[in-house]
Amino acid sequence: MTFERVLVVGAGQMGGGIAQVVAASGRAVFLHDEVPGAVERALAAMERSLAKLAEKGGVEPSEVLARVRPVEAIVDADLMIEAVVEDADVKRAIFREADTTLGAKAILASNTSSIPITSLAAATSRPERVIGMHFFNPVPVLKLVEVIRAVQTSDETAAAIVSLAEDLGKVPAEARDFPGFVSNRILMPFVNEAAYALMEGVAEPEAIDTIARLGFAHPMGPLALADLIGLDTCVSIMEVLHEGLGDPKYAPCPLLRQYVAAGRLGRKTGRGFYVYE
Ligand SMILES: NC(=O)c1ccc[n+]([C@@H]2O[C@H](COP(=O)([O-])OP(=O)(O)OC[C@H]3O[C@@H](n4cnc5c(N)ncnc54)[C@H](O)[C@@H]3O)[C@@H](O)[C@H]2O)c1
């Protein structure tokens, strides 16, 4: 399966990045977002990212951008990659609509960080063709794609998505559909604990992040990373771990919730644990 036409639903920071790498692989991309102006903002971000990559010998930005077509609705394609807000009801509604719009052989994938793929598969009439395709932020830079099989996902679907990830220049790693999969089962409690350390006054944000960078050789500290991911997304993922695994150790840190309530979502709103220009 070569996936000549790929529909990306959700043109936020992840959807835009996914559209960019898929278009850079030579495929036609349809990009849809329900918020007016979101696709245009994603295209502008793509242009900036492609210009930087072109300096390092990447592909010609205009060629890649020409392959991305904004669409007003969910349209037929060989593959959908859904990257809308981390909300199970919103995602299930999109999977139901895609199931009726895309051809019977099309695969429906989600970039969710934590919502059970099994429940998205169950919302469709083709559960064996539903899978998790979890990219990492920033998508054009980070190599990993966590491929998550729902209980119902067929071997053919998993093999096709693993091979597509490789064709996009990524490295796929397979995981089963348990809360947080592998990546967020490990990463999010680390971020949450860093927020607790800050809330309890153990250290300032800079000190917490410096300790992780220089002590554990992480490229970014957990608070700077949380700002990049989005604090709202971090809280949603902790809620999924908390509910899905039933252990109070996964309860979201109250400071994270407070920042989200204040609209300090991280880089995307200009302020989270740090302030951005
Ligand atoms: N941010 C990260 O670091 C990261 C990493 C991996 C995976 N993810 C996952 O990717 C998904 C998107 O995250 P993001 O950070 O890009 O969020 P974002 O808020 O930047 O973008 C979400 C986009 O979805 C759009 N949207 C919402 N409802 C829609 C609908 N019904 N139809 C069409 N568009 C709709 C919004 O308008 C917005 O543009 C989430 O599931 C998140 O868990 C995020």
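Taken domain by domain, the protein chain comprises domain 1 (5-176) and domain 2 (185-268). Measuring from the centre of the C-alpha atoms in domain 1 to the corresponding centre in domain 2 gives 26 Å. Opposite the five residues of domain 1 that make contact, domain 2 presents seven residues. The junction of domain 1 with domain 2 conceals about 520 Å² of combined surface from both sides, 60% of it contributed by carbon and sulfur atoms. The tally of links from domain 1 across to domain 2 stands at zero salt bridges.

Here we take up helix α11 (residues 254-261). Those residues of α11 lying buried are Leu 255, Leu 256 and Tyr 259. Angular distribution of buried residues about the axis of α11 spans 105 degrees; they occupy a single face of the element. Of the exposed residues in α11, the ones pointing more than 90 degrees away from its buried face are Gln 258 and Ala 261. Buried residues in α11 make contact with α7 (183-199) and α10 (231-245). Of the residues trailing α11, Gly 263 is marked for its positive phi of about 80 degrees.

Near the ligand you find 25 residues, and of these Met 14, Asp 33, Glu 86, Lys 91 and Ser 113 are the closest. With respect to the ligand, the backbone of Gln 13 contributes an N or O atom lying 3.1 Å from an oxygen atom. Contacts to the ligand include Val 84, whose backbone N or O atom sits 3.2 Å from an oxygen atom. Protein contacts shield 87% of the accessible area of the ligand, which totals 840 Å² for the unbound molecule. Sorting the residues of the shell around the ligand by element identifies α1 (13-24), α4 (88-101) and β6 (130-135) as the ones contributing at least two each. Broken down by element, the residue count for the shell around the ligand peaks at three residues, all from α4.

Moving on, we get to the packing of α7 against helix α8 (residues 205-216). Taken N-terminus to C-terminus, the directions of α7 and α8 make an angle of 140 degrees; their axes are 9 Å apart at the nearest point. Between α7 and α8, the angle falls in the class oblique. Crossing of α7 against α8: the hand is right-handed. In this structure, α7 contributes Phe 190, Ala 194, Ala 197 and Leu 198 to the contact, and α8 contributes Pro 205, Ile 208, Ala 212 and Phe 216. Among the residues making up the contact of α7 with α8, the classes are represented as eight nonpolar, no polar and no charged.

Let's shift gears to the pairing of strand β5 (residues 107-110). Residues Ile 107 and Ala 109 of β5 are buried on one face, and the alternating residues Leu 108 and Ser 110, pointing to the opposite face, are buried as well. Relative to β5, strand β4 (residues 79-82) runs parallel, the two sharing four bridges. By the bridge assignment for β5, Glu 82 is matched with Ser 110. On the question of chirality, the crossover connecting β4 to the parallel β5 by way of α4 is right-handed. Bridge count for β5 against β6 is three bridges, and the pairing is parallel. Opposite Ser 110, over in β6, you have Gly 132 as the bridge partner. For the crossover that starts at β5, traverses helix α5 (residues 117-122) and ends in the parallel β6, the hand is right-handed.

About the cut-offs
- Residues numbered from 1 in each chain as written.
- Predicted model: local features only at pLDDT ≥ 70, side-chain atom pairs only at ≥ 80, totals over all residues.
- Heavy atoms only, no water.
- Domains from an automatic or database assignment.
- Contact = heavy atoms within 4.5 Å.
- Buried area = accessible area lost by both parts, 1.4 Å probe.
- Salt bridge = Lys/Arg side-chain N within 4 Å of Asp/Glu carboxyl O.
- Buried < 20%, exposed > 50% of the residue type's maximum accessible area, 1.4 Å probe, protein only.
- Helix = DSSP H or I, 4+ residues; strand = E, 2+ residues; numbered from the N terminus.
- Arc of directions from axis to C-beta.
- Near = heavy atom within 4 Å.
- Polar contact = N/O pair within 3.5 Å; in protein donor to acceptor, adjacent residues only side chain to side chain.
- Areas by Shrake-Rupley, 256 points an atom, 1.4 Å probe, with all protein chains shown as cover.
- Axes fitted to C-alpha atoms, helices over the stretch in contact; angles between N-to-C directions.
- Parallel < 35°, antiparallel > 145°, perpendicular 65-115°, else oblique.
- Left-handed = near helix turned anticlockwise from the far one by under 90°.
- Nonpolar A, V, L, I, M, F, W, Y, C, P; charged D, E, K, R; others polar.
- Pairing = 2+ DSSP bridges.
- Right-handed = clockwise from strand over helix to strand, strands pointing away.

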